[in-house]
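In case you want the letters, here they are:
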Amino acid sequence: KLMMMTCCSKVICDGCSYANETRELSESLKRKCPFCRHPLPTTKAESDANIMKRVEANDPVAMREMGMRQHSEGDCGSAFGFLRKAAGLGDAVAHFPLSIMHSKGKGVDLKKQIYHLEEAAIGGHPSARFYLGDIEWSNGSKEGATKHFIIAANQGDDESVKRLNQCYLEGVLS
């Protein structure tokens, strides 16, 4: 699992965060960001203020994080705005939730959904690659779908591995 450092918008895995915390505790150091050495926020308000500073500085990762927070709080309009801005600033990961919003929102736009899935997949998002394969499969292009599933499986997507097994059983893949 990954978490974003609200001070600098860098992403760190839980294991690395734990190792840094253990080192700081053993050396009796104050808790700081392992990247920028800014003191870690102690309250949600501090964390939110840090993210807003990064958003105001047009940091795409902070924009994506804010968009995801807004979405989880039920504010889809603000979430869409933050995610669209993050994607526009080059954050490939922001394209994936945008594709989901286009597929489930009012006025579903398949072209926009596929565009955002392609952008996320090009940026290395394994679930986006899986969904592209799923769309190809539904459209009857099993060979095209298989290519997407292979790439996603190589990126660690478990659902793609299951689909590849299905492709093998159906004789699409040998």
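Note that the structure is a prediction, hence the values are computed from the model and not measured.

Concerning the overall build of the protein
Each helix and strand in the protein was counted, giving nine helices and two strands. A principal-axis box enclosing the C-alpha atoms of the protein has dimensions of 60 × 40 × 25 Å. By the burial criterion, 34% of the 174 residues in the protein qualify as buried. In the protein, of all internal contacts separated by at least 6 residues, the share reaching a separation of at least 24 is 38%. In the protein, the 23 positive side-chain charges and the 22 negative ones have mean positions that sit 4 Å from each other.

Focus: the nonpolar core
Within the largest apolar cluster, 14 residues are counted, with the highest numbers of intra-cluster contacts made by Ile-51, Val-55, Leu-83 and Ala-94. Sequence-distant contacts of Leu-83, defined by excluding residues within four places in its chain, comprise Arg-64, Gly-67, Met-68, Ala-94, Pro-97, Leu-98 and Met-101. By size, the runner-up hydrophobic cluster in this structure holds eight residues, among which are Trp-137, Ala-153, Leu-164 and Cys-167.

As for helix 1 (residues 14–26)
The end-to-end C-alpha distance of helix 1, which contains 13 residues, comes to 18 Å, matching closely the 18 Å that a straight helix rising 1.5 Å per residue would cover. Along helix 1, the positions that sit buried rather than exposed are Ser-17, Asn-20 and Glu-24. Projection of helix 1 onto a plane perpendicular to its axis shows the buried side chains occupying an angular sector of 65°, all on one side. Of the exposed residues in helix 1, the ones pointing more than 90 degrees away from its buried face are Tyr-18, Leu-25 and Ser-26. On its buried face, helix 1 sits against strand 1 (2–4) and strand 2 (11–13). Following helix 1 by one or two positions, Ser-28 adopts a phi angle in the positive range, close to 55°.

Quick look at helix 9 (residues 158–169)
Here helix 9 spans 17 Å end to end across twelve residues, near enough to the 16 Å set by a 1.5 Å rise per residue. Where helix 9 is buried, its residues touch helix 7 (126–138) and helix 8 (142–154). Gly-171 lies just past helix 9 and shows a positive phi near 80°.

Quick notes on the pattern of salt bridges
When the charged atoms of two side chains lie near each other, side chains of opposite charge can form a pair. If you walk through the whole model with that rule in mind, you get eleven salt bridges. Salt-bridge contacts for Arg-31 lead to Glu-24; the nearest nitrogen and oxygen are separated by 3.0 Å. Of the charged contacts in the structure, one is a salt bridge between Arg-54 and Asp-59, with a shortest N-O distance of 2.9 Å. Linked through salt bridges whose partners overlap, the residues forming this network are Lys-44, Asp-48, Glu-65 and Arg-69.

Side note on the side chain of Asn-50
Within the secondary structure, Asn-50 sits in helix 2 (residues 44–56). In this structure Asn-50 touches Thr-6, Cys-7, His-38 and Pro-41, once residues within four positions along its chain are discounted.

Here is what the cut-offs are and how they apply
- Residues numbered from 1 in each chain as written.
- Predicted model: local features only at pLDDT ≥ 70, side-chain atom pairs only at ≥ 80, totals over all residues.
- Heavy atoms only, no water.
- Helix = DSSP H or I, 4+ residues; strand = E, 2+ residues; numbered from the N terminus.
- Buried < 20%, exposed > 50% of the residue type's maximum accessible area, 1.4 Å probe, protein only.
- Contact = heavy atoms within 4.5 Å.
- Lys, Arg positive; Asp, Glu negative; His and termini not counted.
- Charge placed at Lys NZ, Arg CZ, Asp CG, Glu CD.
- Core = buried A, V, L, I, M, F, W, Y, C linked by side-chain atoms within 4.5 Å.
- Expected span 1.5 Å × (residues − 1).
- Arc of directions from axis to C-beta.
- Salt bridge = Lys/Arg side-chain N within 4 Å of Asp/Glu carboxyl O.

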